[in-house]
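So the chains spell out like this:
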Amino acid sequence: KNEVEQSPQNLTAQEGEFITINCSYSVGISALHWLQQHPGGGIVSLFMLSSGKKKHGRLIATINIQEKHSSLHITASHPRDSAVYICAVIGTAGNKLTFGGGTRVLVKP
Amino acid sequence: AAGVIQSPRHLIKEKRETATLKCYPIPRHDTVYWYQQGPGQDPQFLISFYEKMQSDKGSIPDRFSAQQFSDYHSELNMSSLELGDSALYFCASSETGGTSNQPQHFGDGTRLSIL
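Positions within a chain are numbered from 1, following the residues in the order the chain's sequence is written. To label them, take the chains in the order written and letter them from A, then take the ligands in the order written and number them from 1. Only residues with pLDDT of at least 70 get local features here, since the model is predicted, and only at 80 or more are side-chain atom pairs given and counted; chain-wide, interface and lining totals rely on the full set of residues. Hydrogens and waters are ignored; side-chain quantities use all the structure's heavy atoms.

Enquirer: I'd like to hear about the interface of chain B and chain A, residue by residue, with values.
Expert: Contacts between chain B and chain A engage 20 residues on the former and 19 residues on the latter. Buried surface at the junction of chain B and chain A, both sides included, amounts to about 1600 Å², of which 55% is carbon and sulfur. Salt bridge criterion: a side-chain nitrogen from Lys or Arg within 4 Å of a carboxyl oxygen from Asp or Glu. In this structure, the connection of chain B to chain A is made through zero salt bridges. Think of a polar contact as two N or O atoms within 3.5 Å of one another; within protein, one of them needs to be a possible hydrogen donor and the other a possible acceptor, and neighboring residues in sequence only count if both atoms come from side chains. Summed over the shared surface of chain B and chain A, the number is three residue pairs in polar contact (both at pLDDT 80 or more). Mapped by element, the contributors of at least two residues to the side of chain B that touches chain A are strand 4 (31-37) and strand 9 (87-94) of chain B. Broken down by element, the residue count for the side of chain B that touches chain A peaks at three residues, all from strand 4 of chain B. Note on residue categories: nonpolar means Ala, Val, Leu, Ile, Met, Phe, Trp, Tyr, Cys or Pro, charged means Asp, Glu, Lys or Arg, and polar means any other residue, Gly included. Looking at the side of chain B that touches chain A, its residues break down into eight nonpolar, eight polar and four charged. Any pair of residues with heavy atoms lying within 4.5 Å of one another is described as a contacting pair. Two parts placed together each lose some accessible area; with a 1.4 Å probe, that loss summed over both constitutes the buried area. Going along the chain from the N terminus, every DSSP run of H or I of four or more residues is numbered as a helix, and every run of E of two or more is numbered as a strand.

What follows is the structure, encoded as structure tokens:
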């Protein structure tokens, strides 16, 4: 079993829909990243959080440390949100990231 | 704002050749991380440096070596290249000051193709 699991693996939404991506992890962590990877490969860090909730524009990330679960929400989705969204955790020793399998999101106009 | 710069963006090599990938972190960032993402795979941590010293080591083959220089840029040296080394190599940097929980900022990656 992977240390970081994401669901769903693939998601198709219509423009304007609310999207939720889930991430569960099985190890102790000090923080969790949500990353966005577009076709062509570049990775952008969306959030780093270790508790509670963060919001940036139409994106909201939450984390529940006790339940070892985090969610990324996209409100009023847009075709430009189409990308792979990756959950990655920082363990309690060191700063390296351990990545989930990614969720491929396609938003149709 | 300045971002993490990786060079080259694309590199084509043949088996058994060597390659050097470069990473220039965001100014004032003291920590550099290298990740490898094979086709259709999750990124995997290779190695990291803090203040020019190796700080953590992951699944980096013995054929690979890396270092961080006095200006904080880092180079990943790869020798005896194999077909399985074809991947996207990401560098990330952060301003850790030796602590944890600092966000990592990623470069656009170097796509290495082995023929």
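Enquirer: If you had to explain the pattern of salt bridges to someone new, which residues and values would you point to?
Expert: Between side chains of opposite charge, a pair can form when the charged atoms approach closely. Following the criterion strictly, the structure yields five salt bridges over all chains and no others. For A:Arg58, the salt bridge goes to A:Asp81, with nearest N and O atoms at 2.8 Å. Of the two residues, A:Arg58 is situated in the loop between strand 6 (52-56) and strand 7 (59-64) and A:Asp81 in the loop between strand 8 (69-74) and strand 9 (83-91); the sequence distance between them amounts to 23 residues. Looking at A:Arg58, the relative accessible area reads 26%, which means it is partly exposed. Note on classification: 1.4 Å probe, protein chains only; a residue is buried when its accessible area is under 20% of the maximum for its type, exposed when over 50%, partly exposed between these limits. Look at A:Asp81 and you get buried, because its relative accessible area is 7%. One network of salt bridges, in which partners are shared, links B:Arg63, B:Glu82 and B:Asp85.

Enquirer: Residues and numbers for the packing of aromatic side chains, please.
Expert: Stacked, edge-to-face and tilted labels apply to pairs of Phe, Tyr and Trp rings (six-membered ring for Trp) whose centres lie within 6.5 Å, assigned for plane angles under 30 degrees, over 60, and everything in between, in that order. As enumerated under the stated definition, the model contains five aromatic pairs over all chains in all. On the numbers, 6.5 Å between centres and 20° between planes, the contact of B:Tyr33 with B:Tyr35 is stacked. Relative to B:Phe45, the ring of B:Tyr35 lies with its centre 5.8 Å away and its plane at 65°, an arrangement referred to as edge-to-face. Pair noted here: B:Tyr35 is in strand 4 and B:Phe45 is in strand 5 (residues 44-50), with a separation of ten residues, a long-range link. Grouping residues by exposure puts B:Tyr35 and B:Phe45 together as buried. Within the aromatic cluster, the residues linked to one another by ring pairs are A:Phe99, B:Tyr33, B:Tyr35, B:Phe45, B:Phe90 and B:Phe106.

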